[in-house]
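Analysis of the macromolecular model
Residue strings, one per chain:
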Protein chains: 2
Amino acid sequence: MDQDRRGQWLRGVLAPCVLALVAERESYGYELAQSLDAAGLGPIQGGTLYPVLLRLQRFGLVTASWREGTAGPARKYYRITAEGRETLRHATSDWREFSAGVASILREGR
Amino acid sequence: MDQDRRGQWLRGVLAPCVLALVAERESYGYELAQSLDAAGLGPIQGGTLYPVLLRLQRFGLVTASWREGTAGPARKYYRITAEGRETLRHATSDWREFSAGVASILREGR
DNA sequence: GGAGACTAGGTCGTAGCGCTACCTAGGTAG
DNA sequence: CTACCTAGGTAGCGCTACGACCTAGTCTCC
């Protein structure tokens, strides 16, 4: 109940974050993992990220296409859909509201 | 995948929030549920809250004592421990960092 | 030409936790 | 007696992050 806090916090946040990164620029799994780490969310394991991407695809929030890499294995590029953008918009505003509520509670217990 | 976002977001956040409220002023379960709702986290069901309180108690982050209510059933009052305060401090700073990272990602995908 | 590292994607089992539904029990109002 | 509010608790379910593992292509170095 100390080190795994981040794991719990990722729940429900990871999918919108991935969606936001894909919305900015089409990308593939491995690169997204690096972007998320660079953004401060910590290292996201493959066993975590790939199921997320499959879920987003299954829900029709992103589309995927295989492309040969110039070097290394082929990459699966993801692009956001209109529905994905809509979902992202709602998730973002919901999250802002939620995190503000949490911040207000945690601020008081200083 | 719309209304249950909040449920996912509560993960790992609920315990620190309860801890923060108890740190501010000793309280009991039913009242804490109302405080959390009032703070904007939405209604927290008994089946969600009471296990959280039992976990906090089992980890030694709070202590509990039964007290007769002037009206209605007896109440179980919770008070934060020194270890609880320490945990709360770490959780709060960790959460600030984490939520800032999420905010930065969601901001970009505007 | 073999070993090892890096890139890239995927699957499987486990564990934690919020949720719904349900239960006990005291007090009060009609 | 019935209904509702307060107050606490338990049981099973479902979702999801995680670690462990697997396949495969490319590159460097010895």
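What you are looking at is a predicted structure, and each value in this text was computed from that prediction instead of being measured.

For the rest of this paragraph, the subject is the protein's contact with DNA strand D. Taken together, 30 residues surround DNA strand D, and among them G7(A), G47(A), Y28(B), G29(B) and G47(B) come closest. Elements that contribute at least two residues to the surface near DNA strand D include exactly helix 1 (5–10) and helix 4 (46–58) of chain A together with helix 3 (29–41), helix 4 (46–58) and strand 3 (75–80) of chain B. The biggest single contributor to the surface near DNA strand D is helix 4 of chain B, with 6 residues.

Here we come to the protein's contact with DNA strand C. The immediate surroundings of DNA strand C are formed by 32 residues, with Y28(A), G29(A), G47(A), G47(B) and T48(B) found nearest. Only helix 3 (29–41), helix 4 and strand 3 (75–80) of chain A together with helix 1 (5–10) and helix 4 of chain B provide two or more residues apiece to the surface near DNA strand C. In terms of residue count, the dominant contributor to the surface near DNA strand C is helix 4 of chain A (6 residues). Across the surface near DNA strand C, the residue classes break down as 14 nonpolar, 13 polar and 5 charged.

Let's shift gears to the packing of helix 2 (residues 14–24) of chain B against helix 3 of chain B. Residues and elements named next belong to chain B. Put simply, helix 2 and helix 3 touch, their axes get as near as 11 Å, and they point 110 degrees apart. In terms of orientation, helix 2 lies roughly perpendicular with respect to helix 3. The hand of the helix 2/helix 3 crossing is right-handed. Taken together, the residues of helix 3 that come into contact with helix 2 (itself represented by C17, V18 and L21) are L32, S35, L36 and L41. Partitioned by chemical class, the residues of the contact of helix 2 with helix 3 number 6 nonpolar, 1 polar and no charged.

Next up on the list: the interface of chain B and chain A. Across the contact, 33 residues belong to chain B and 32 residues belong to chain A. Broken down by element, the residue count for the side of chain B that touches chain A peaks at 14 residues, all from helix 5 (residues 82–108) of chain B. In the side of chain B that touches chain A, the residues fall into 18 nonpolar, 8 polar and 7 charged.

What follows covers the sheet that holds strand 2 (residues 62–67) of chain B. All names here are of chain B. Pairing is antiparallel in the open sheet, where 3 strands are placed in the order 1-3-2. Because the sheet does not close on itself, it has two edges, and the strands there are strand 1 (27–28) and strand 2. Taken together, the 2 bridges between strand 1 and strand 3 define a ladder with antiparallel strand orientation. Note on strand 3: the bridge partner recorded for S27 is Y78. Against the sheet, helix 2 contacts strand 1, strand 2 and strand 3, and its axis sits at roughly 90 degrees relative to strand 3.

Once that is clear, we can look at the sheet that holds strand 3 of chain A. Ordered in space as 1-3-2 (chain A), the 3 strands form an open sheet in which the pairing is antiparallel. Either end of the sheet is taken by a strand with one partner, and the two such strands are strand 1 (27–28) and strand 2 (62–67) of chain A.

As a further point, take the relation of the copies chain B and chain A. Between chain B and chain A, the superposition needs a rotation of 180 degrees and an axial shift of 0.0 Å, giving an RMSD of 0.1 Å. Between the two chains, the operation in question is that of a two-fold axis. Most of the interface of chain B is mirrored in chain A, where 97% of its interface residues are also at the interface.

With that settled, the discussion passes to helix 2 (residues 14–24) of chain A. In terms of burial, helix 2 of chain A is a largely internal element, 9 of the 11 residues being buried. Burial in helix 2 of chain A covers these residues: A15(A), P16(A), C17(A), V18(A), L19(A), A20(A), L21(A), V22(A) and A23(A).

This part takes up the pairing of strand 3 of chain A. Direction of pairing for strand 2 of chain A relative to strand 3 of chain A: antiparallel, over a ladder of 6 bridges. Looking at the pairing, R67(A) lines up with R75(A) of strand 3 of chain A.

Let's shift gears to the environment of G12(A). For G12(A), the position within the fold is in the loop between helix 1 and helix 2. Residue class for G12(A) comes out buried when judged on the 21 C-beta atoms lying within 10 Å of it. For G12(A), the residues in contact, after removing those within four places along its chain, are R5(B), Q8(B) and W9(B).

Conventions and cut-offs
- Residues numbered from 1 in each chain as written.
- Chains lettered and ligands numbered in written order.
- Predicted model: local features only at pLDDT ≥ 70, side-chain atom pairs only at ≥ 80, totals over all residues.
- Near = placed C-beta within 6 Å.
- Helix = DSSP H or I, 4+ residues; strand = E, 2+ residues; numbered from the N terminus.
- Nonpolar A, V, L, I, M, F, W, Y, C, P; charged D, E, K, R; others polar.
- Axes fitted to C-alpha atoms, helices over the stretch in contact; angles between N-to-C directions.
- Parallel < 35°, antiparallel > 145°, perpendicular 65-115°, else oblique.
- Left-handed = near helix turned anticlockwise from the far one by under 90°.
- Contact = placed C-beta atoms within 7 Å.
- Pairing = 2+ DSSP bridges.
- Least-squares fit on C-alpha atoms with pLDDT ≥ 70 in both.
- Buried ≥ 20, exposed ≤ 12 C-beta atoms within 10 Å, placed from the backbone.

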